[in-house]
There are 2 protein chains.
Amino acid sequence: MVHLFHEMTLMLWLNPMEPLTTAQQELYDWLIDYIRANQHSPSIRQMMRAMNLRSPAPIQSRLEHLKNKGYIEWSEGKARTIRVRDDVRGVPILGTIAAGFVNEAFTDAVERLDLNGLPIQSGDYALKVTGDSMVEAMIQDGDVVIMRPVKDPQGIREGTIVAARVESGTTLKSFHRQGNQVQLKPANPNYPVMEFPADLVDVQGRLVAVWRGIDPDFTV
Amino acid sequence: MVHLFHEMTLMLWLNPMEPLTTAQQELYDWLIDYIRANQHSPSIRQMMRAMNLRSPAPIQSRLEHLKNKGYIEWSEGKARTIRVRDDVRGVPILGTIAAGFVNEAFTDAVERLDLNGLPIQSGDYALKVTGDSMVEAMIQDGDVVIMRPVKDPQGIREGTIVAARVESGTTLKSFHRQGNQVQLKPANPNYPVMEFPADLVDVQGRLVAVWRGIDPDFTV
DNA sequence: AAAAAAGGCTGCCCTAGGGCAGCCTTTTTT
DNA sequence: AAAAAAGGCTGCCCTAGGGCAGCCTTTTTT
């Protein structure tokens, strides 16, 4: 059983794109980091130095491969115009999961919500929520939940909302311990609390954020 | 009264940074659009052409001004390295406002949530929610709501969630009409429905998205 | 083990593109 | 109205940085 779960977690990270060689992957990872940090592409010479090469040619061929495999693109002949493919940015949605008054007036921006990156880490993934079992936790059908892989399942706090895989499927629930058992509690009285031996519960991630786009056609 | 409201809406868009001259603003706007569309900075020559100039010098001086006023920055001497200041990206947070099971396993990404831009338009702004008057609409204290300015208040659908300013302050409520009156309905039975003459209600935006970052210390 | 692909290097070409002096014109401030 | 700032232009310099031929070495596939 446990083996099955491990296969699952691996599947989660399967890359749907053509695989990269070690050198290509190394360049790609460095490139992603550089672009994220600097907001612009490095030059081929910079990549050459970063990869400890003494000539730009290898970088050019690796870039060519990355381009052919669909990872990046650039404007021919123009400096620093490499961009990562659109759908690689952002968080991958891996599937679906069951689940007064102020008197101050608006003035200037007091802080900013940086949707370009702030609370999301590399490795995070998203799930689209189906069902209403978490409505009392303010998560409803159609929401997108951003999950973070859990390295140490022992360290999960009581009540953390997690995506947990048990034999019947994967579900978004509140995580609780009861001796050797794990309880997965819905946030909706119409659903039962589920209880499993701890080793049959594979926690695939914990909730770090919720995104809800409002469809204007559904605002009654 | 109505005049006051108009002053408010203007205040909303006050730019806290040093103002730009027309030429600088024009370049800045073009630059923002270009970077958003292409994922990389244009070259000075490109800007020269876009601004219908015959020499790069004016662009250089405008960029210098934009830099001194804190709008942009770049790496000296490196091509296409202009970046917009960090806190200008993303959505400005303008203040605070009262307010089952699947058997499919996760596999590959079915689609992607592009946090870099997808559902947000230029002009949108964010408000941090305080209070629990919208809990039944799944919006809770601490959430960040992304709002879109409403061009035509007549066109607001019944039940749309809006940020509305009335004489007592600004509030996040569900918008309803009752003859010449406007009803602002909370999504919480503990709060009263409010009713005002339509011309005393200034709708400052409608809800387009909700973002909730989960503080790991509060996951009980 | 053999063949193919990828990686690496030297060395060179050449242009995209940043920078700036000097001077004039237009716009904005005072 | 005068002064200051911003905008514009010509014209030039020069290097950051893309591109590639040719050949060898290492890794990956078959």
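Just above, that's the structure.
Description of the structure in this document. These numbers come from a predicted model, not from an experiment. (Residues numbered from 1 in each chain as written. Chains lettered and ligands numbered in written order. Predicted model: local features only at pLDDT ≥ 70, side-chain atom pairs only at ≥ 80, totals over all residues. Heavy atoms only, no water.)

This paragraph deals with helix α4 (residues 57-68) of chain B. All names here are of chain B. The end-to-end C-alpha separation of α4 is 17 Å, in line with the 16 Å expected for 12 residues at 1.5 Å each. Turning to α4, its buried residues number three or more, namely I59, R62, L63 and L66. End-on view of α4: buried residues confined to an arc of 100°, all on one side of the axis. Looking at the packing, one finds that the buried side of α4 touches α2 (22-38), α3 (44-50) and β1 (72-73). (Helix = DSSP H or I, 4+ residues; strand = E, 2+ residues; numbered from the N terminus. Expected span 1.5 Å × (residues − 1). Buried < 20%, exposed > 50% of the residue type's maximum accessible area, 1.4 Å probe, protein only. Arc of directions from axis to C-beta. Contact = heavy atoms within 4.5 Å.)

Moving on, we come to the packing of helix α2 (residues 22-38) of chain A against helix α4 (residues 57-68) of chain A. Residues and elements named next belong to chain A. Two elements in contact, α2 and α4, have axes whose closest approach is 10 Å; the angle formed by their N-to-C orientations is 85°. When the axis of α2 is compared with that of α4, the two are roughly perpendicular. Residue-level contacts link A23, Q24, L27 and Y28 of α2 to I59, R62, L63, H65 and L66 of α4. By residue class, the composition of the contact of α2 with α4 is 6 nonpolar, 2 polar and 1 charged. (Axes fitted to C-alpha atoms, helices over the stretch in contact; angles between N-to-C directions. Parallel < 35°, antiparallel > 145°, perpendicular 65-115°, else oblique. Nonpolar A, V, L, I, M, F, W, Y, C, P; charged D, E, K, R; others polar.)

Once that is clear, we can look at the protein's contact with DNA strand C. DNA strand C sits among 24 residues. The nearest are T21(A), S55(A), R62(A), I44(B) and R45(B). Taking all atoms of DNA strand C within 4 Å of the protein, the share assigned to sugar and phosphate is 59%. Within the side chain of Q24(A), an N or O atom sits 3.3 Å from a phosphate oxygen of DNA strand C. R45(B) has a polar side-chain atom sitting 2.2 Å from a base nitrogen of DNA strand C. Elements with a minimum of two residues in the surface near DNA strand C: α2 and α4 of chain A together with α3 of chain B. (Near = heavy atom within 4 Å. Polar contact = N/O pair within 3.5 Å; in protein donor to acceptor, adjacent residues only side chain to side chain.)

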